[in-house]
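Coordinate analysis (summary)
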Amino acid sequence: MSVHSEIKKITTETLRKMKFDKEKITMLTAYDFTTAKMVDAGGVDSILIGDSAANVMAGFETTLPITLDQMIYHTQCVVRGVERALVVADLPFGTYQSNPEKALESAVRMMKEGGAHSIKIEGGAEIEESIRKIVNAGIPVMGHLGLTPQSIYKFGTYKVRAKEDAEAEKLMSDAKLLEELGCFALVLEKIPADLAKKVSESISIPTIGIGAGPDCDGQVLVYHDMVGMNQGFSPKFLRRYLDLYTEITGAVSHYVKDVKSADFPNKSESY
Ligand code: KIV
């Protein structure tokens, strides 16, 4: 028996059971093979190929420009590095909002070509038919409510969402709709902790929070933020576990100094 077959893979059913057992779910983003391997080895339950790749990999200001082909490429790279975690891939802006047939086509490409285990899309009632169509095709769907970055030009800011009653009520009703439609989990981004708690207690599918307080069923962070590669981004919700920006720039200047001074390579590093 190979080592691989002994690894218990995380599935959508595992996440559902974790909520039932009150075991917190962990999720991080990854966009490439090497990072996915480390993140998987570190023991996260789920890896998200977020469209935040547009920001941290490509340097765009918003997530809007990334294409389906580019997201499929990132997903292929991640899948090759993962043995245990459930792989969730974002469908990018413009690939599922216009009509349900197009949404299904995009989701099928992500599963078939990307090798994802499931997909994530942003929105509630507005994309009901797209979610229905994708779920009916047997593709697991993760929802995403609250601050949905693909709608940044509608919101105008990245501030906390659903602080007012009307938006909070819509979010609650969208969460119940996503559960009814058969989504297996739901990201809640940047909403008040009290509201995230209420939503998490009102639905049977797991909620995964980012800037949504401690009472979600799980937490997700962007990998580059949590390891401190992304110096300019310091929202209140972010906990940095490393300062890799300083570590890496320090290592690079050390290397530059060693080469300039002819210290590297030395005898033992030469043939
Ligand atoms: O694209 C992304 O990284 C995300 C997470 C922030 C949830 O959607």
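Further remarks concern the side chain of Asp174. Mapped onto the elements of the fold, Asp174 is located in helix 9 (residues 165-181). Asp174 has contacts with Gly124, Ala125, Glu126 and Leu145, leaving out every residue within four places of it along the chain.

Every residue close to the ligand is listed here: Thr29, Leu48, Gly50, Asp51, Ser52, Asp90, Lys120, His144, Val187, Ile210 and Val222. Between the ligand and Ser52, the relevant distance is 2.5 Å, taken from an oxygen atom to a side-chain nitrogen or oxygen of the residue. Starting from 260 Å² of accessible surface for the ligand in isolation, the protein chains cover 95%. Looking at the shell around the ligand residue by residue, the classes come out as 4 nonpolar, 4 polar and 3 charged.

To continue, consider the sheet that holds strand 8 (residues 218-221). By way of backbone hydrogen bonds, the strands of a sheet pair with one another, either parallel or antiparallel. An order of 1-2-3-4-5-6-7-8 is seen for the 8 strands of this closed barrel, with the pairing classed as parallel. Here the strands of the sheet are splayed against their neighbours by 25 degrees on average, with no regard to which way each runs. Looking at chain direction, strand 2 (residues 46-49) and strand 3 (residues 86-90) are connected through 4 bridges and run parallel. If you follow Leu48 over to strand 3, its bridge partner there is Val88.

What follows covers the domain arrangement of the chain. With domains assigned, the chain is organised as domain 1 (12-240) and domain 2 (244-271). One C-alpha centre belongs to domain 1, the other to domain 2; they are set 39 Å apart. Listed by partner, the interface residues are 4 residues for domain 1 and 4 residues for domain 2. For the pair domain 1 and domain 2, the summed buried area comes to about 350 Å², and 62% of that belongs to carbon and sulfur atoms. Three residues, Val227, Met229 and Gln231, lead the burial of domain 1 against domain 2; their summed loss comes to 83% of the area buried on that side. Linking domain 1 to domain 2 there are 0 salt bridges. Scanning the region where domain 1 abuts domain 2 turns up 3 residue pairs in polar contact (both at pLDDT 80 or more).

What follows deals with the pairing of strand 1 (residues 25-29). Of all 5 residues in strand 1, 4 are buried, a share of seventy percent or more. Pairing of strand 1 with strand 2, which is carried by 3 bridges, proceeds in the parallel orientation. For Thr29, the partnering residue across the bridge sits in strand 2 and is Leu48. Crossover strand 1 to strand 2 through helix 3 (residues 33-41) is right-handed.

Let's shift gears to the nonpolar core. Formed by 74 residues in total, the largest nonpolar core has its most connected members in Leu91, Met110, Ile119, Ile121, Ile134 and Leu188. Ranked by residues supplied to this core, first place goes to helix 9 with 7 residues. Discounting residues that sit within four places of it in the chain, Ile134 has contacts with Leu91, Ala103, Leu104, Ala107, Ile119, Ile121, Ile139 and Val141.

For the rest of this paragraph, the subject is the packing of aromatic side chains. In total, this model carries 1 aromatic pair according to the counting rule given. The ring centre of Phe155 lies 3.9 Å from the NZ or CZ of Arg161, which sits over that ring.

The next thing to look at is the packing of helix 7 (residues 128-136) against helix 9. Two numbers describe a pair of packed helices, the interaxial angle and the distance between the axes. Between helix 7 and helix 9, whose axes approach to 10 Å, the crossing angle comes to 25 degrees. In terms of orientation, helix 7 and helix 9 fall into the roughly parallel class. Between helix 7 and helix 9 lies a crossing of right-handed hand. Contacts between helix 7 and helix 9 involve Glu128, Ile131, Arg132 and Val135 from the former and Leu177, Leu178 and Leu181 from the latter. Residue composition of the contact of helix 7 with helix 9, by class: 5 nonpolar, no polar and 2 charged.

Basis of the calculations
- Residues numbered from 1 in each chain as written.
- Predicted model: local features only at pLDDT ≥ 70, side-chain atom pairs only at ≥ 80, totals over all residues.
- Heavy atoms only, no water.
- Helix = DSSP H or I, 4+ residues; strand = E, 2+ residues; numbered from the N terminus.
- Contact = heavy atoms within 4.5 Å.
- Near = heavy atom within 4 Å.
- Polar contact = N/O pair within 3.5 Å; in protein donor to acceptor, adjacent residues only side chain to side chain.
- Areas by Shrake-Rupley, 256 points an atom, 1.4 Å probe, with all protein chains shown as cover.
- Nonpolar A, V, L, I, M, F, W, Y, C, P; charged D, E, K, R; others polar.
- Pairing = 2+ DSSP bridges.
- Axes fitted to C-alpha atoms, helices over the stretch in contact; angles between N-to-C directions.
- Domains from an automatic or database assignment.
- Buried area = accessible area lost by both parts, 1.4 Å probe.
- Salt bridge = Lys/Arg side-chain N within 4 Å of Asp/Glu carboxyl O.
- Buried < 20%, exposed > 50% of the residue type's maximum accessible area, 1.4 Å probe, protein only.
- Right-handed = clockwise from strand over helix to strand, strands pointing away.
- Core = buried A, V, L, I, M, F, W, Y, C linked by side-chain atoms within 4.5 Å.
- Phe/Tyr/Trp six-rings, centres within 6.5 Å; stacked < 30°, edge-to-face > 60°.
- Lys NZ or Arg CZ within 6 Å of the ring centre and 35° of its normal.
- Parallel < 35°, antiparallel > 145°, perpendicular 65-115°, else oblique.
- Left-handed = near helix turned anticlockwise from the far one by under 90°.

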